[in-house]
Amino acid sequence: MAGYYHQEDLPRFPEMGKSAPELWQKFSEWYSAVFAEGALSAREKALIALAVSHAVQCPYCIDAYTQDCLEKGSNREQMTEAVHVAAAIRGGASLVHGLQMRNAADKVSM
Amino acid sequence: MSLASIQHPLAASVAQLRVLNQPVPSWEPFEEALARSSLYPLTATGITVFQINVGKLCNQTCRHCHVDAGPDRRESMGHETAELCMRALAATDIPIVDITGGAPELNPNFRWLVKESRRLGRHVMDRCNLSVLLLPSQADLAEFLARHEVEVVASLPYYQAEETDRQRGEGVFQKSIEALRLLNRLGYGQPESKLRLNLVYNPVGAYLPPSQPAIEADFRRELKQRYGIVFHSLYVITNMPISRFLEFLLRTGNYERYMTRLVNAYNPAAAAGAMCRYTLSVGWDGTLYDCDFNQMLELPVGYRAPAHIRDFHLAGLNTRRIVTGQHCYGCTAGNGSSCGGTTAR
């Protein structure tokens, strides 16, 4: 995480509450509730978060949820499959827009 | 390679303590955390586990080992000290004898200690690395353990070879599976069996262990499906920032982050249930400690408690004040960590 992103910034995340404490409080409570054990286990949620981290390409999230997945007992095989899910959705999302291309091409073609 | 064999500076406990005692403003001194939880000074609540570390000799050289054990280590409990241990035990009604090392089975007095403890009617636990059961010199070890109804507490950091071998050495996972099958064949780990087989999980890196029930369910399912192996319970243990694991943390730049993780995860319930409160740890030379970790940091029992097995008297140790330090965050983070797994469930 060299350059624009700095690993040491991640623990400073709560500083986002300094100028908008009420919003931060709401976010924190909601965030904790989201990741609590529920219909999905905390480990499944961590794997989803890891996949989404890669989809949105957030270095902080990748770092945090790699650690969290390991702490929830996931292994590299499972974590790699989660990343592939993210990659497949990103790739698939591009590819499925090929239909827009085909539609547009059809429209202007004889 | 053990740190001792390569004469690494961290082989010396003073060097480890120097690192651990370096003040970091955001890391509350452990004693202050205890005080906040109304647990200062931490005291023993009576001894129910008599833990004997018979020495540092081991057939493996695991990368996280807090003992810095290995095939090169020669520290080993002699018969005279073993006899003192049994004499002390006989004078008490401490119900559990927990024998550890190194690979404790390689100590020439191991079997004598087992037999004597059983003769005294005590429950005996063997902290076993599994691969030792396959050594030609230990061909009858598994049967010996079964015959004396010794509980086997076996290290297996993961149910896959990649993770296990990364921590414990190439090929160790396969040997562990073979040894577990041998134990299962003898009746160990079977649902109704009195031959107890418990596994120990610890993280293969600088992170906290998962929830014990969750990872136990994974181990049970995967070991059964993949290898047909059964066991009773799985204990999760946090890696302690001492000895080889401390060296790993420092070498890989993970030390500050890991310690911050431990300090921030301090759990008063885990501190209240810490194993040092009900354990007495005896070193290979007879020195008494509050736990095996203090033993490796050469921090013997303090505050005027008898410090050697030859001076053992229960009244002086039962409610002793416990020697603590920053490393104690390892046992009090999250759900807690002990030789019997989590302490705050």
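Residues numbered from 1 in each chain as written. Chains lettered and ligands numbered in written order. Predicted model: local features only at pLDDT ≥ 70, side-chain atom pairs only at ≥ 80, totals over all residues.

Quick notes on the overall build of chain B
For step 1, the next point in the chain: Counting its secondary structure elements, chain B contains 14 helices and 8 strands.
For step 2, the next point in the chain: Taken over C-alpha atoms, the radius of gyration comes to 19 Å for chain B, in line with the 20 Å a tight globule of 345 residues would show.
For step 3, the next point in the chain: Counting only C-alpha atoms and orienting by the principal axes, one finds that chain B spans roughly 55 × 45 × 40 Å.
For step 4, the next point in the chain: Within chain B, the proportion of its 345 residues that are buried is 53%. (Helix = DSSP H or I, 4+ residues; strand = E, 2+ residues; numbered from the N terminus. Rg over C-alpha atoms; globule rule 2.2 N^0.38 Å. Buried ≥ 20, exposed ≤ 12 C-beta atoms within 10 Å, placed from the backbone.)

Looking at the sheet that holds strand β6 (residues 233-236) of chain B
All names here are of chain B.
For step 1, the next point in the chain: Pairing is mixed across the open sheet formed by 8 strands, whose spatial order is β6-β5-β4-β3-β2-β1-β7-β8. Of all strands in the sheet, those bounded by a partner on one side alone are β6 and β8 (288-289).
For step 2, the next point in the chain: Pairing analysis gives 4 bridges linking strand β3 (residues 123-128) to strand β4 (residues 151-155), with the strands arranged parallel. When the bridges of β4 are listed, Arg 127 appears paired with Val 153. (Pairing = 2+ DSSP bridges.)

Side note on the packing of helix α6 (residues 161-168) of chain B against helix α7 (residues 172-185) of chain B
All names here are of chain B.
For step 1, the next point in the chain: Look at α6 against α7: their axes get within 8 Å of each other, and the N-to-C directions meet at 110 degrees. On the basis of their axis angle, the class for α6 and α7 is roughly perpendicular. For the pair formed by α6 and α7, the contact residues are Ala 161, Thr 164, Asp 165 and Arg 168 on the first element and Val 172, Phe 173, Gln 174 and Ser 176 on the second.
For step 2, the next point in the chain: For the contact of α6 with α7, the class distribution of residues is 3 nonpolar, 3 polar and 2 charged. (Axes fitted to C-alpha atoms, helices over the stretch in contact; angles between N-to-C directions. Parallel < 35°, antiparallel > 145°, perpendicular 65-115°, else oblique. Contact = placed C-beta atoms within 7 Å. Nonpolar A, V, L, I, M, F, W, Y, C, P; charged D, E, K, R; others polar.)

Here we look at the nonpolar core
For step 1, the next point in the chain: Ile 52, Cys 85, Ile 99, Val 152, Ala 154, Leu 199 and Val 200 of chain B are the most contacted members of the largest nonpolar core, which totals 110 residues.
For step 2, the next point in the chain: The residues contacting Cys 85 of chain B, other than those within four sequence positions of it, are Ile 52, Val 282 and Ile 309 of chain B. (Core = buried A, V, L, I, M, F, W, Y, C linked by C-beta atoms within 7 Å.)

What about the packing of helix α2 (residues 42-56) of chain A against helix α3 (residues 59-71) of chain A?
Residue and element names in this part refer to chain A.
For step 1, the next point in the chain: As a packed pair, α2 and α3 sit with axes 9 Å apart at the nearest point and diverge in direction by 155 degrees. One way to sum up the angle between α2 and α3 is to call them roughly antiparallel. When the axes of α2 and α3 are compared, the crossing they make is left-handed. Residues Ala 46, Leu 47, Ala 49, Leu 50, Ser 53 and His 54 of α2 lie in contact with α3, whose contacting residues are Cys 61, Ile 62, Tyr 65, Thr 66, Asp 68 and Cys 69.
For step 2, the next point in the chain: A breakdown of the residues in the contact of α2 with α3 according to their chemical character gives 8 nonpolar, 3 polar and 1 charged. (Left-handed = near helix turned anticlockwise from the far one by under 90°.)

Re the interface of chain A and chain B
Size of an interface: often given as the accessible area lost when the parts come together.
For step 1, the next point in the chain: With 7 residues of chain A at the contact, the number on the chain B side is 11 residues.
For step 2, the next point in the chain: Taken together, the residues of the side of chain A that touches chain B sort by class into 1 nonpolar, 3 polar and 3 charged.

Here's the deal with the pairing of β4 of chain B
For step 1, the next point in the chain: Buried residues dominate β4 of chain B, accounting for 5 of its 5 residues.
For step 2, the next point in the chain: Taking the sense of rotation as the criterion, the β-α-β connection linking β3 of chain B, helix α5 (residues 141-147) of chain B and β4 of chain B turns out right-handed. (Right-handed = clockwise from strand over helix to strand, strands pointing away.)

Quick word on the environment of Arg 220 of chain B
Residues and elements named next belong to chain B.
For step 1, the next point in the chain: Inspection of the secondary structure puts Arg 220 in helix α8 (residues 212-227).
For step 2, the next point in the chain: Assessed through the 18 C-beta atoms surrounding it within 10 Å, Arg 220 is described here as partly exposed.
For step 3, the next point in the chain: Sequence-wise, Arg 220 and Leu 297 are 77 residues apart; in three dimensions their C-alpha atoms are separated by 35 Å.

Brief notes about the environment of Ile 99 of chain B
Residue and element names in this part refer to chain B.
For step 1, the next point in the chain: Here Ile 99 lies in strand β2 (residues 96-100).
For step 2, the next point in the chain: Note on Ile 99: 27 C-beta atoms within 10 Å, which makes it buried.
For step 3, the next point in the chain: As a C-alpha pair, Ile 99 and Cys 291 span 192 residues in sequence and 13 Å in three-dimensional space.
For step 4, the next point in the chain: The contacts of Ile 99, once residues within four sequence positions are left out, are Ile 52, Val 54, Pro 104, Phe 110, Leu 113, Val 124, Met 125, Asp 126 and Arg 127.

Regarding the pairing of strand β5 (residues 197-201) of chain B
All names here are of chain B.
For step 1, the next point in the chain: Within β5, 4 of the 5 residues are buried, leaving the element largely enclosed by the surrounding structure.
For step 2, the next point in the chain: Pairing of β5 with β6, which is carried by 4 bridges, proceeds in the parallel orientation. What sits directly across from Val 200, in β6, is Tyr 235.

Quick notes on the environment of Gly 316 of chain B
All names here are of chain B.
For step 1, the next point in the chain: Mapped onto the elements, Gly 316 comes out in helix α13 (residues 314-317).
For step 2, the next point in the chain: With 15 C-beta atoms counted inside 10 Å, the residue Gly 316 sits in the partly exposed group.
For step 3, the next point in the chain: Taking the C-alpha atoms as reference points, Gly 316 and Ala 305, separated by 11 residues in sequence, lie 5.5 Å from one another.
For step 4, the next point in the chain: If near-sequence neighbours (up to four positions away) are discounted, Gly 316 is found in contact with Ala 305 and Pro 306.

Regarding helix α4 (residues 110-119) of chain B
A turn of α-helix holds 3.6 residues, and therefore any two residues three or four places apart point the same way.
For step 1, the next point in the chain: Within α4 of chain B, the full set of buried residues consists of Phe 110, Leu 113, Val 114, Glu 116 and Ser 117 of chain B.
For step 2, the next point in the chain: Of the residues flanking the end of α4 of chain B, it is Gly 121 of chain B, one or two places downstream, whose phi is positive at about 80 degrees.

Overview of α6 of chain B
Residue and element names in this part refer to chain B.
For step 1, the next point in the chain: Those residues of α6 lying buried are Glu 163, Thr 164, Gln 167 and Arg 168. The buried residues of α6 occupy an angular sector of 105 degrees when the element is viewed end-on, so they sit on one face.
For step 2, the next point in the chain: Elements that come into contact with the buried residues of α6 comprise α7. (Arc of directions from axis to C-beta.)

Looking at the confidence of the model for chain B
For step 1, the next point in the chain: Here chain B shows a mean pLDDT of 97. Residues at 70 or above account for 100%.
For step 2, the next point in the chain: This prediction of the complex comes with two scores: 0.91 for pTM and 0.77 for ipTM. (pLDDT = per-residue confidence, 0-100.)

Some thoughts on unusual backbone geometry
For step 1, the next point in the chain: Cis rather than trans, the peptide bond between Tyr 40 of chain B and Pro 41 of chain B has omega equal to -5 degrees.
For step 2, the next point in the chain: As for its position among the elements, Pro 41 of chain B is in the loop between α2 (30-36) and β1 (49-53).
For step 3, the next point in the chain: Each neighbour pair has its own omega, and for Gly 101 of chain B with Gly 102 of chain B the value is 25 degrees, a cis peptide bond.
For step 4, the next point in the chain: Here Gly 102 of chain B shows up in the loop between β2 and α4.
For step 5, the next point in the chain: Phi at Gln 57 of chain A is positive, roughly 50 degrees, even though this residue is not glycine.
For step 6, the next point in the chain: One can find Gln 57 of chain A in the loop between α2 and α3.
For step 7, the next point in the chain: One non-glycine residue, Leu 130 of chain B, lies in positive phi territory at about 75 degrees.
For step 8, the next point in the chain: Within the secondary structure, Leu 130 of chain B sits in the loop between β3 and α5.

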